[in-house]
Each structure stands twice: as structure tokens, then as C-alpha cells.
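# Residue-level structural notes
Chain by chain, the residues run as shown.
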Amino acid sequence: MVTYSLENHVSWHTHPIENEVRLWTYIASKPLSNDQVNRANSILSAFVSDWTSHGDTIHGTFGWIGSHAIVIASPTSQSLSGCGIDQNISAIRAIEEAIGIQLLNRNLVLSQLSHGAYSTQSIDAIDSLADEQLVFMWNTTKADIKSTPIFLPLSESGFKQLPKNSGLFSSL
């Protein structure tokens, strides 16, 4: 068991039907309140219950990393088209509008603190973090729930090697 895997960090609404999943992760600009999480859950529940790709039902789910990030997962065995991915983005935009929080800002870094809590900071603050600080690998797009590490020490993450002001972390 990998302690930095999805299994150890995501509280799933319903557990994914397969261990191999396709992932989309949206880091919130600040921790959400219980009321905001509940409102987001309503939107996400409606989205995953109606999620389709070319008329086929996608057996997706969602979960939370603390109250800091939404993780949407679909089985890798199911084919997913651009329209199915667009439905995902539409649900996130609906959440942003409903609760007034940014989720599509790719200039945010999620880290795990030593006591197990999570923190969100701007990519601009990356140089102030210690090399051993655990950071979320937001660019993980496919994973095994039990074995793919999603948190890595900053020194192994590649974040520090990114050029500043390169446009790599632009908002969607």
C-alpha cells in the first residue's frame, strides 16, 4: 500500500467501480466550508448520475481531498469523448458560480502538512516550501487508486524546475 495514494487521501462519494481510473482534480482557492462542500456535492452528484459519452453511461464518481480539492474519476475501461470531458468542466464551472470559489485556476498547489491537514498556495510561493514538503501531483491523469502516488516531496515533483511566468499554469 502506498500511503501517498488516492486510497489514503480521497474521501469518495461512492468508491470507484475499478481501481484503474482517469482523473481530473480541481484545487480550490481556499478551503471550503461544510455548506459549500454540501452545495458542491449536490452539483457533482447530479453530474455523475447523468454523465455520458456518445450516449453511453460513464460510471464515474467524485471525492474530496480534505475540503481543498475535488477529484473526479472515471474507469479507464470506459471510453470518454471530448463531450464527456466538457460535461466535467461544466459541472466545475457550475460549482464555481454557485459557491463563489475558484476551482479552474491551475496556479494553485495543494500540499499536505505534517499533521495530515492540507493547504493551498499559489505556484508563486513554491520557492518558499521545503524540498521535503509533500505536494499534490495535479497532473496525474490516470492512476491506480491503491498504488499511484499522488503526493510527492516537492524535490521530486518537478514544480521547482518549471520556468516562472511561462504560462504553463494559466487558468482554463
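This text gives an overview of the structure that appears in the document. Here the structure is a predicted model, which is why all the values come from computation and not from measurement. (Residues numbered from 1 in each chain as written. Predicted model: local features only at pLDDT ≥ 70, side-chain atom pairs only at ≥ 80, totals over all residues. Heavy atoms only, no water.)

### A look at the overall build of the protein chain
To be explicit about the condition: Numbering goes from the N terminus for both helices and strands, where a helix is a DSSP run of H or I of at least four residues and a strand is a run of E of at least two. The atom set for the radius of gyration is the C-alpha atoms, and the globule formula is 2.2 Å times the number of residues raised to the power 0.38. Burial classes: relative accessible area under 20% of the type maximum marks a residue as buried, over 50% as exposed, and values in between as partly exposed (1.4 Å probe, protein chains only). In what follows, residue pairs with any heavy atoms lying within 4.5 Å of each other are defined as contacts. For the area figures, the Shrake-Rupley method with a 1.4 Å probe applies, and any residue is considered shielded solely by the protein chains shown. Charge counting follows a simple rule: Lys and Arg are positive, Asp and Glu are negative, and His as well as the terminal groups are ignored. Positions of charges follow a simple convention, taking NZ of Lys, CZ of Arg, CG of Asp or CD of Glu.
Counting its regular elements, the protein chain contains four helices and eleven strands. Taking 16 Å as the expected radius of gyration for a compact globule of 172 residues, we find that the protein chain reaches 16 Å, a close match to that expectation. Projected onto its principal axes, the C-alpha coordinates of the protein chain cover approximately 45 × 35 × 30 Å. When burial is assessed residue by residue, the protein chain has 49% of its 172 residues classed as buried. Long-range pairs, those at least 24 residues apart, make up 67% of the contacts in the protein chain with a sequence separation of at least 6. Approximately 8,300 Å² of the protein chain is accessible, and the part contributed by carbon and sulfur atoms is 49%. A distance of 3 Å separates the average location of the 9 positive side-chain charges in the protein chain from that of its 15 negative side-chain charges.

### Brief notes about the pairing of strand β7 (residues 108–112)
Consecutive side chains of a regular strand alternate in pointing toward one face of the sheet and then the other. The condition that has to hold: DSSP-based pairing: two strands are paired if at least 2 bridges between them are found.
Within β7, five of the five residues are buried, which leaves it mostly tucked inside the rest of the structure. The side-chain alternation of β7 yields two buried faces, one formed by Leu-108, Leu-110 and Gln-112 and the other by Val-109 and Ser-111. The sheet contact formed by β7 and strand β8 (residues 118–122) spans five bridges and is antiparallel. Bridge assignment links Gln-112 to a residue of β8, and that residue is Tyr-118. Linking two consecutive strands that pair antiparallel, namely β7 and β8, is a turn of five residues; a positive phi of about 95° is found at Gly-116 within it. Taken together, the two bridges between β7 and strand β9 (residues 134–136) define a ladder with antiparallel strand orientation. Bridging from a neighbouring strand, Gln-112 pairs with Leu-134 of β9.

### Thoughts on the side chain of Gln-78
Under the convention used in this document: Here a polar contact means two N or O atoms within 3.5 Å. Within protein one must be a hydrogen donor candidate and the other an acceptor candidate, and residues neighboring in sequence count only if both atoms are side-chain atoms.
By the secondary structure assignment, Gln-78 is in the loop between β6 (69–75) and α3 (82–99). Classification of Gln-78 by relative accessible area gives buried; the value is 15%. A distance of 3.1 Å separates a polar atom in the side chain of Gln-78 from the backbone oxygen of Thr-57. Setting aside anything within four residues of it in sequence, one finds Gln-78 in contact with Arg-22, Thr-57, Ile-58 and His-59.

### Details of the sheet that holds β7
Just so we agree on the cut-off: Axis geometry follows a simple rule: fit a line to the C-alpha atoms, using only the stretch in contact for helices, then measure angles between N-to-C directions, giving values from 0 to 180 degrees.
Across the sheet, which stays open at both edges, the four strands sit in the order β8-β7-β9-β11 with antiparallel pairing between neighbours. For this open sheet the edge positions go to β8 and β11 (151–153), each flanked by a neighbour on one side alone. On average, adjacent strands in this sheet sit at an angle of 40° to one another, irrespective of strand direction.

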